[in-house]
Structures are given as C-alpha cells and as structure tokens.
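# What the coordinates show
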Amino acid sequence: QRGLNFMSHLRREFPGSEPLWGIFNFGHNHLAAYSSHHFTAWALPYDNKKYQVTDRVVTDTGVPKADYVDRFYAAWECMGKCDNTPGCNSFMYIPLVGQCFLKD
C-alpha cells in the first residue's frame, strides 16, 4: 500500500510522467528500497546520457567541487546539480542517506 500511495504522490508532483511499478527484492527495508538508485531511475527517469552508474567507488573520484549533505537528495537531483555546476564531470552518491559529492 505504501508503494501505491507513493506512486500517486509522484503523479501529483510530476504531472505528465507515469511512474512504473515493480517489486523490490531486498526485504522490508523501506529506506533501502526508496533510497536505491534503481528505484529513483525507475520511478523518476532522468535523461542520463552523461553519467555511468557503478556499484563501487572508482579509484580516482576527482577533485571535490561541491557537497550536498544538508538534506536527502535523490540521484536525479545530484545529476542536475552536477549538470548545472561549471567544471563538474562526475559525482559520488550515497543512496542510503541521499548525499552527493560533486567532482571535477
């Protein structure tokens, strides 16, 4: 029921977009479910032709440009922040807490 309620919320907040519905296979951990990159990319698709998603941190993440840790940020918000920050070419995202760290 929570998932269906959230889908209704997304339709109200983002008119014209139709979120998709599916099953999360990692138990009853709602924080992990709604914080995952997969859920964000699936529920709120972001036209991502610039960024590659990896399961691990790359060896050289780049020089820090800006940190967004003051609230929970969705992955698509971090992508937008990087797109709008001069010199930002990548970012590190921590989905469990919604923090993003922009890099050069």
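See the structure printed just above.
First, a word on scope: everything that follows refers to the structure included in this document. (Residues numbered from 1 in each chain as written. Predicted model: local features only at pLDDT ≥ 70, side-chain atom pairs only at ≥ 80, totals over all residues. Heavy atoms only, no water.)

### Notes on the overall build of the protein
For the protein, the count of helices and strands is four helices and three strands. Written out in order from the N terminus, the α and β elements of the protein read α-α-α-β-α-β-β. Residue burial in the protein is summarised as follows: out of 104 residues, 29% are buried. Put simply, the protein shows about 7400 Å² of open surface, and 56% of that area lies on carbon and sulfur atoms. (Helix = DSSP H or I, 4+ residues; strand = E, 2+ residues; numbered from the N terminus. Buried < 20%, exposed > 50% of the residue type's maximum accessible area, 1.4 Å probe, protein only. Areas by Shrake-Rupley, 256 points an atom, 1.4 Å probe, with all protein chains shown as cover.)

### Comments concerning the nonpolar core
Soluble globular proteins: nonpolar side chains tend toward being buried together. Judged by nonpolar contacts, Tyr51, Tyr68, Tyr73, Ala75, Cys78, Met79, Cys82, Cys88, Phe91, Tyr93, Cys100 and Leu102 together constitute the single largest core of twelve residues. Counting residues per element, the ones that place at least two in this core are helix H4 (75-83), strand S2 (90-94) and strand S3 (99-103). With four residues, H4 is the largest single contributor of residues to this core. (Core = buried A, V, L, I, M, F, W, Y, C linked by side-chain atoms within 4.5 Å.)

### Remarks on the sheet that holds strand S1 (residues 64-68)
The three strands lie next to each other as S1-S3-S2, forming an open sheet whose pairing is antiparallel. The open sheet has two edge strands with one neighbour each: S1 and S2. Taken over all neighbouring pairs, the strand axes of this sheet differ in orientation by 15° on average, direction set aside. The pairing of S2 with S3 spans five bridges and is classified as antiparallel. In the strand pairing of S3, Tyr93 is matched with Cys100. (Pairing = 2+ DSSP bridges. Axes fitted to C-alpha atoms, helices over the stretch in contact; angles between N-to-C directions.)

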